Amino acid sequence: MNKNSNTYTFLYAAGLVVVVASALAIASIGLKKPQEKNIAIEKKSNILSTVGKGITGDEIKDKDAYIEAQYDKYIVESFIVNGHGERKEGNAFQIDMKEEYNKIKDIKQALEEEKKSALRKSLNLPVFIYKDDDARLKCIIPVYGAGLWGPLWGYLALNDDFNTVYGAIFDHKGETPGLGAEIATRAFAGQFVGKQIFDGRTFTSIKVVKGGAPKTDLHGVDAISGGTITSRGVEEMLHDCLNEYNTFFAKNKQ
Amino acid sequence: MIDQKEPLFSTKILRLFTNPINKGNPITVLILGVCSALAVTAKMKPAIVMAISVIVVTGFSSFIISLLRNTIPNRIRIIVQLVVVAALVILVDQVLRAYAYEVSKQLSVFVGLIITNCIIMGRIEAFALGNKPWPALVDGVGNGIGYGLILIVVAFFRELLGSGTLFGHQVIPENWYIANGGFYENNGLMILPPMALIMVGVIIWIQRSFNKQLIEK
């Protein structure tokens, strides 16, 4: 067959594409299970790290099994609430915070109260209940927002007063290493411990203060020098996400 | 062109393998594939995984293209090469996501960007299209290793001087640090991409001072 003919070229291209596509499809289906498991383990590990029950050293051999066991032991309940603090049906672990974040952004932009209320109703906010070794309950909630180069996310653990922060972790997709990326360090997240998201009954969130927050400030932590936009992103993320959980917190406070 | 009846490990074949490691190094001599070399060399582990991924892709893409070389229609030559390379890269990415999740997260987009790594297309165009599969495989793997070696050397110095660790283990004694009353501090500049460029420059300088014939007139 003439290799330079149009027919040959078309047939060759079509054949090649079919072969490559099927090879990739098989690989994708075959590897789906371990990939999904990795993502679930990472999420569980993140939730556990918020309350200091994640992997701390190198001594644990089978990390996946350890995380599964810790998660089953400590996370006693998980459920979904909407923006009005009402419980909803569904699996809290499966909620994609990115979608919820888009709804939260819409709520911020909506002008009419009716629209806001309807959007709040459609929110799916996950709540994970952690029971510590002394049988005290803490609630762990995810937060999601935007940094300088990409999304930021994290988890916040609150004491049973739904006010004082018990632990926090943050992570990011691609903030500048050494600057914005520092939010993922324990030094940054550790500052949140003991801070409060309410001042009396008013919601204050936690500010990330450039130039440093005074030690006595219950509602502020130090920002990262050189990571201004990332720091601001963390502050906004905390404010916007906690704001939606607000009603749920208020209902459970009494 | 490699002769029809070459033994499997003739000097010619071996030269295909060793040449890209020193005199024909894709990064320091041909200055190809520098972009990813800058991005993934802040730590040893991602650098090594990246090196292995590139070796796999260069080796297999050269091999497959060489197998197909007599059937590929000349007009869609580049597209065929791209499809093969892209498929291999996606496979590597999927495997990393399944079995080396932590590292694949650190490498993020750079695994996908292996497709655009000039070394791969360069070797396919310059060598695999005109040679038999075995020499093409050796040439591809050799070039991958040449690339990987530079990555690992750069990552070694960047991680050691930038974070004081190797493979995540603390190497510089803790009590040297100013924070612990010592005299030493990690060089934060080492973690940033520009330092990788400077490191590659230093390697090129050292290599050329040993290999005078590499210096352009």
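Structure first, text after, so check above.
About the thresholds
Residues numbered from 1 in each chain as written. Chains lettered and ligands numbered in written order. Predicted model: local features only at pLDDT ≥ 70, side-chain atom pairs only at ≥ 80, totals over all residues. Heavy atoms only, no water. Phe/Tyr/Trp six-rings, centres within 6.5 Å; stacked < 30°, edge-to-face > 60°. Helix = DSSP H or I, 4+ residues; strand = E, 2+ residues; numbered from the N terminus. Buried < 20%, exposed > 50% of the residue type's maximum accessible area, 1.4 Å probe, protein only. Salt bridge = Lys/Arg side-chain N within 4 Å of Asp/Glu carboxyl O. Contact = heavy atoms within 4.5 Å. Buried area = accessible area lost by both parts, 1.4 Å probe. Polar contact = N/O pair within 3.5 Å; in protein donor to acceptor, adjacent residues only side chain to side chain. Nonpolar A, V, L, I, M, F, W, Y, C, P; charged D, E, K, R; others polar. Axes fitted to C-alpha atoms, helices over the stretch in contact; angles between N-to-C directions. Parallel < 35°, antiparallel > 145°, perpendicular 65-115°, else oblique. Pairing = 2+ DSSP bridges.

Draft legend 1. Quick peek at the packing of aromatic side chains. Residue and element names in this part refer to chain A. In total, this model carries 17 aromatic pairs over all chains according to the counting rule given. Judged by centre distance (5.9 Å) and plane angle (80°), the ring pair of F162 and F248 falls under edge-to-face. Note that F162 is positioned in the loop between β5 (151–158) and β6 (165–172) and F248 in helix α6 (residues 228–253), a separation of 86 residues in sequence. Relative accessible area serves as the criterion here: at 5%, F248 is assigned to the buried category.

Draft legend 2. Looking closely at the pattern of salt bridges. This structure, assessed with the given rule, holds 14 salt bridges over all chains. In this structure, the salt-bridge partner of R87(A) is E77(A), at a minimum N-O distance of 3.2 Å. Here E77(A) lies in strand β1 (residues 75–81) and R87(A) lies in strand β2 (residues 87–88), a separation of ten residues in the sequence. The exposure class of E77(A) is partly exposed, given its relative accessible area of 36%. D93(B) is paired through a salt bridge with R97(B); the nearest N and O atoms lie 3.1 Å apart. Highlighted residues: D93(B) and R97(B), both in helix α4 (residues 77–99), separated by four residues, approximately one helical turn. Note on R97(B): relative accessible area 38%, which makes it partly exposed. The network of salt bridges with common partners includes D132(A), D134(A), R136(A) and K138(A).

Draft legend 3. Broad picture of the interface of chain B and chain A. With 24 residues of chain B in contact, the opposing surface of chain A contributes 21 residues. Buried surface at the junction of chain B and chain A, both sides included, amounts to about 2000 Å², of which 64% is carbon and sulfur. Taken together, the connections running from chain B to chain A amount to zero salt bridges. Here chain B and chain A share eight residue pairs in polar contact (both at pLDDT 80 or more) between them. Of all the secondary-structure elements, those providing two or more residues to the side of chain B that touches chain A are α4 and α5 (101–107) of chain B. Partitioning the side of chain B that touches chain A into residue classes produces 15 nonpolar, five polar and four charged.

Draft legend 4. Summary view of the packing of helix α3 (residues 97–109) of chain A against α6(A). All names here are of chain A. The contact between α3 and α6 brings their axes to 11 Å, and the two run at 85°. Between α3 and α6, the angle falls in the class roughly perpendicular. Along its contact with α3, which presents I104, I107 and K108, the element α6 presents E236, D240, C241 and E244. Looking at side-chain class alone, the contact of α3 with α6 contains three nonpolar, no polar and four charged residues.

Draft legend 5. Region of interest: the pairing of strand β3 (residues 125–131) of chain A. Residue and element names in this part refer to chain A. Taking burial as the measure, the seven residues of β3 include six buried ones, the bulk of the element. Strand direction decides the pairing type here: β1 and β3, joined by six bridges, are antiparallel. Following the sheet pairing, S78 is matched in β3 by F128. In this sheet, strand β4 (residues 137–146) lies alongside β3 in antiparallel orientation, the contact comprising four bridges. Counterpart to I129 in the pairing with β4 is C139. Between the antiparallel neighbours β3 and β4 lie five residues, among them A135 with a positive phi of about 65°.

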